[in-house]
Amino acid sequence: MLNEIYSRRILELAAAIPHLGRLADPDASATAHSKLCGSTVTIDLKVDDGVVTGFAQDVKACALGQASSSIMGRHVIGSTAEELREVREVTRRMLKSGGEPPGGKWADLAVLEPVREFKARHASILLTFDAVVEALDRVQARKAEAG
């Protein structure tokens, strides 16, 4: 079973995480941390009219968290806030309640489906999604405050 979880594709994704680092002037940043495994993902976003135009991430996570961060890094720029909120929920359902994996440009997340049986690993996979949604919430709150 461990071979399924740490498949070649997961290890390839973990070894090639796009957009590592930090943005100099993000519209919002957020950090998500798993108390269970100690993984942490910090992300920076630039958002223009509800669409992500810039992204950077600092990933200190296991191979599963690195793989999901890699997939996020490949597809986040150009994605809408609504799409990113939805992909987080679809991924959460895939892991926690037997839902189908995301489709379209997010179809690579299906590689994480075998982890469904290992509940202790779910948090590290979801870190990047939780951080992105938290940053989107901050952007939206600032916009609402500005009027």
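Shown above is the structure to which this text applies.
Residues numbered from 1 in each chain as written. Predicted model: local features only at pLDDT ≥ 70, side-chain atom pairs only at ≥ 80, totals over all residues. Heavy atoms only, no water.

Draft legend 1. Region of interest: the overall build of the protein chain. Across its full length, the protein chain holds 5 helices and 3 strands. Along the protein chain, helices and strands appear, N-terminal first, in the series α-α-β-β-β-α-α-α. The C-alpha radius of gyration of the protein chain comes to 15 Å, within 12% of the 15 Å expected for a compact globule of 147 residues. Along the first, second and third principal axes, the C-alpha atoms of the protein chain reach 50 × 30 × 25 Å. Out of the 147 residues in the protein chain, the part that is buried amounts to 46%. Looking at the protein chain alone, contacts between residues at least 24 apart form 60% of all its contacts between residues at least 6 apart. Just so you have it, the protein chain exposes about 7200 Å², and 50% of that area is on carbon and sulfur atoms. Once the 19 positive and 20 negative side-chain charges of the protein chain are each reduced to a mean point, those two points are 5 Å apart. (Helix = DSSP H or I, 4+ residues; strand = E, 2+ residues; numbered from the N terminus. Rg over C-alpha atoms; globule rule 2.2 N^0.38 Å. Buried < 20%, exposed > 50% of the residue type's maximum accessible area, 1.4 Å probe, protein only. Contact = heavy atoms within 4.5 Å. Areas by Shrake-Rupley, 256 points an atom, 1.4 Å probe, with all protein chains shown as cover. Lys, Arg positive; Asp, Glu negative; His and termini not counted. Charge placed at Lys NZ, Arg CZ, Asp CG, Glu CD.)

Draft legend 2. Summary view of unusual backbone geometry. Positioned with a positive phi, His-19 is a non-glycine residue whose angle comes to about 60°. His-19 sits in the partly exposed class, given a relative accessible area of 35%. Phi at Asp-49 is positive, roughly 55°, even though this residue is not glycine. Along the polypeptide, Asp-49 turns up in the loop between strand 2 (40-48) and strand 3 (51-60).

Draft legend 3. Representation of the sheet that holds strand 3. Strand order in the open sheet formed by 3 strands is 1-2-3, and the pairing between neighbours is antiparallel. The outermost strands of the open sheet, each flanked by one partner alone, are strand 1 (28-33) and strand 3. Put simply, the sheet's adjacent strands are angled 20° from each other on average, direction ignored. Against the sheet, helix 3 (residues 63-75) engages strand 2 and strand 3, with an angle of about 160° to strand 3. (Pairing = 2+ DSSP bridges. Axes fitted to C-alpha atoms, helices over the stretch in contact; angles between N-to-C directions.)

Draft legend 4. Seen up close, the nonpolar core. Counting 39 residues, the largest nonpolar core has Leu-45 and Leu-112 as its most contacted members. Secondary structure elements with two or more residues in this core: helix 2 (8-14), strand 1, strand 2, strand 3, helix 3, helix 4 (81-96) and helix 5 (122-146). Of all the elements, helix 5 adds the most residues to this core, at 9 residues. Residue contacts for Leu-45: discarding those within four places in its chain leaves Leu-23, Pro-26, Asp-27, Ala-28, Val-52, Gly-54, Phe-55, Val-132, Ala-135 and Leu-136. (Core = buried A, V, L, I, M, F, W, Y, C linked by side-chain atoms within 4.5 Å.)

Draft legend 5. Geometry of helix 3. For helix 3, which comprises 13 residues, the first-to-last C-alpha distance of 19 Å matches the rise-based estimate of 18 Å (1.5 Å per residue) to within 8%. Counted residue by residue, helix 3 has 11 buried out of 13 residues, so it is predominantly covered. What helix 3 keeps buried is the set Ala-63, Leu-64, Gly-65, Ala-67, Ser-68, Ser-69, Ser-70, Ile-71, Met-72, Gly-73 and His-75. (Expected span 1.5 Å × (residues − 1).)

Draft legend 6. Looking closely at the pattern of salt bridges. Under the defined criterion, the tally for this structure stands at 15 salt bridges. Close ionic contact of Arg-88 with Glu-89 constitutes a salt bridge, the shortest N to O distance being 3.2 Å. Taking the relative accessible area as the measure of exposure, Arg-88 reaches 18% and is therefore buried. Taking the relative accessible area as the measure of exposure, Glu-89 reaches 27% and is therefore partly exposed. (Salt bridge = Lys/Arg side-chain N within 4 Å of Asp/Glu carboxyl O.)

Draft legend 7. Looking closely at the packing of helix 3 against helix 5. For the pair helix 3 and helix 5, the least separation of the axes is 6 Å and the interaxial angle reads 40°. In terms of axis orientation, helix 3 runs oblique to helix 5. At the point where helix 3 passes helix 5, the crossing takes the right-handed sense. Note on element contacts: helix 5 touches helix 3 through Ser-124, Ile-125, Thr-128, Phe-129 and Val-132, opposite Leu-64, Gly-65, Ser-68, Ser-69 and Met-72. Its residues assigned to classes, the contact of helix 3 with helix 5 shows 5 nonpolar, 5 polar and no charged. (Parallel < 35°, antiparallel > 145°, perpendicular 65-115°, else oblique. Left-handed = near helix turned anticlockwise from the far one by under 90°. Nonpolar A, V, L, I, M, F, W, Y, C, P; charged D, E, K, R; others polar.)

Don't take any of this as a statement about function, it's just geometry.
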